[in-house]
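# A look at the structure
Here is what each chain is made of, one letter per residue.
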Amino acid sequence: MKKIGFLSFGHWTPSPQSQARSAADVLHQSIDLAVAAEELGADGAYFRVHHFARQLASPFPLLAAIGARTSRIEIGTGVIDMRYEGPLHMAEDAGAADLIADGRLQLGISRGSPEQVIDGYRYFGFNPAEGSTDADMAREHTEVLLEVLQGRGFAEPNPRPMFPNPPGLLRLEPHSPGLRERIWWGAGSRATAEWAARKGMNLMSSTLLTEDTGVPFHRLQAEQIERFRAAWREAGHDREPRVSVSRSIFPIVNATDRAYFGGEAGSQDQVGMLEGGRARFGKTYAGEPERLIAELAADEAVAAADTLLLTVPNQLGVPYVVHLLESFTTHVAPALGWKPNTDGPVEGYAI
């Protein structure tokens, strides 16, 4: 295992039991969590994007703020729903955030998941072309984004511009070199993983797959990764791709951990219906460190990936989430081959 990061959905609720009761709480706490994770030696801080929900939705201001407060940790999304995105405006925002972060942006995108409202992308001004689906539209937006991130000029300059232009066709600015190679596709199936490989995107695979063959989730996901890499080789790309998988993992090292997550011990995969088809959901890992080490060592997809993203319960507050990350990186991850990039304890987050 090369890299470990966290993935936050950025939930908030006005409930007095929640440590994140407003959008402002979540945004400030997300920055604090990323800073603390960097101090802990974690490799990545990733955030989910959902529209029309009490969750994080506009990633680029947050990513830019984290980029300005940190210096080493990767910052990214897991994932942005491309049905809602204008690819040219998105390329400008992403380029600016990546430049602020000195090239640390890892941008996870996808065709989207079931949302809070019916056809929410229509409120953003996007409608599938006649005869196309919303998934087709998301992929069309993605292909435009990938093209403009190359940094090639495509727009005819005004012969009498307000400001002097460089020669030739103009590209979008600001342009961040290298960002095109740090785009990830959140693939929910084996076939979409192969499509991502052909398009030269890294693979981001979460805790569910929108298909079920009857084998355990981790084995089905490992097959997805294998097919992604085979398609990558067949496409002839000149770099090695990256692959991440997400897991819900909760080391139990004290009474508070047991109170929160003791009931998750013995969790199993679940199979259900999602958007009219069978889907398989991965289990939660909860238990003492020794048990987690053994279970994760047997997880074929974790072994096949280079990056593991830990989904975190952000409503429990930054101090407790940092405690979970520290428990994992201290008591579990080293046994799986991970090494932190920095040394030293995190200050001010005692549980």
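Heads up: the structure comes first, above all this text.
The text that follows walks through the structure, step by step, so that each part is easy to find. (Residues numbered from 1 in each chain as written. Predicted model: local features only at pLDDT ≥ 70, side-chain atom pairs only at ≥ 80, totals over all residues. Heavy atoms only, no water.)

Turning next to the environment of Glu-194. Checked against the element boundaries, Glu-194 lands in helix H5 (residues 190–198). For the pair Glu-194 and Asp-257, spaced 63 residues apart in sequence, the C-alpha to C-alpha distance is 39 Å. Beyond its immediate sequence surroundings of up to four residues, Glu-194 is in contact with Arg-227 and Ala-231. In this structure the side chain of Glu-194 is engaged in a polar contact, spanning 3.1 Å, whose partner is the side chain of Arg-227. (Helix = DSSP H or I, 4+ residues; strand = E, 2+ residues; numbered from the N terminus. Contact = heavy atoms within 4.5 Å. Polar contact = N/O pair within 3.5 Å; in protein donor to acceptor, adjacent residues only side chain to side chain.)

What follows concerns the pairing of strand E1 (residues 3–8). Across the 6 residues that make up E1, a large majority, 5, are buried. Judged from the 6 bridges that link them, E1 and strand E13 (residues 307–312) form a sheet pairing that is parallel. Across the sheet, residue Lys-3 finds its bridge partner in E13, namely Thr-307. Strand direction decides the pairing type here: E1 and strand E2 (residues 44–47), joined by 4 bridges, are parallel. Within E2, the position partnered with Leu-7 by the bridge is Tyr-46. For the crossover that starts at E1, traverses helix H1 (residues 23–40) and ends in the parallel E2, the hand is right-handed. (Buried < 20%, exposed > 50% of the residue type's maximum accessible area, 1.4 Å probe, protein only. Pairing = 2+ DSSP bridges. Right-handed = clockwise from strand over helix to strand, strands pointing away.)

So, about the pattern of salt bridges. Following the criterion strictly, the structure yields 21 salt bridges and no others. Between Glu-194 and Arg-227 there is a salt bridge, and its shortest N-O distance comes to 3.1 Å. Of this pair, Glu-194 sits in helix H5 while Arg-227 sits in helix H6 (residues 217–235), placing them 33 residues apart in sequence. The class of Arg-227 is partly exposed, set by a relative accessible area of 29%. When salt bridges that share partners are traced, they join Arg-190, Glu-194, Glu-211, Glu-223 and Arg-227 into one network. (Salt bridge = Lys/Arg side-chain N within 4 Å of Asp/Glu carboxyl O.)

A few words now on the environment of Arg-227. Here the alpha-carbon distance between Arg-227 and Met-162, two residues 65 residues apart in the chain, equals 50 Å. Among residues more than four places away in sequence, those in contact with Arg-227 are Arg-190 and Glu-194.

Counting 75 residues, the largest nonpolar core has Phe-6, Leu-107, Ile-109, Leu-325 and Phe-328 as its most contacted members. For this core, the leading source of residues is H1, giving 7 residues. Aside from chain neighbours lying at most four places away, what touches Phe-6 is Leu-33, Ala-34, Ala-37, Gly-44, Ala-45, Tyr-46, Phe-47, Leu-310, Val-312 and Leu-325. Listed in part, the 6 residues of the second largest apolar core include Leu-7, Tyr-46, Val-79 and Leu-309. (Core = buried A, V, L, I, M, F, W, Y, C linked by side-chain atoms within 4.5 Å.)

As enumerated under the stated definition, the model contains 10 aromatic pairs in all. Relative to Trp-232, the ring of Phe-228 has its centre 5.9 Å away and its plane inclined at 45°; by these criteria the two rings are tilted. Linking Phe-228 with Trp-232, this pair stays in helix H6, spanning 4 residues, or about one helical turn. Each ring, one from Phe-250 and one from Phe-261, has its centre 3.9 Å from the other, and the planes form 0°; the classification is stacked. Linking Phe-250 in strand E9 (residues 249–251) with Phe-261 in helix H7 (residues 255–261), this pair joins segments that are 11 residues apart in sequence. Take Phe-250 and Phe-261: they sit in the same class, and that class is buried. Site record: aromatic cluster; members linked through ring pairs are Phe-52, Tyr-84, Tyr-121, Tyr-123 and Phe-124. (Phe/Tyr/Trp six-rings, centres within 6.5 Å; stacked < 30°, edge-to-face > 60°.)

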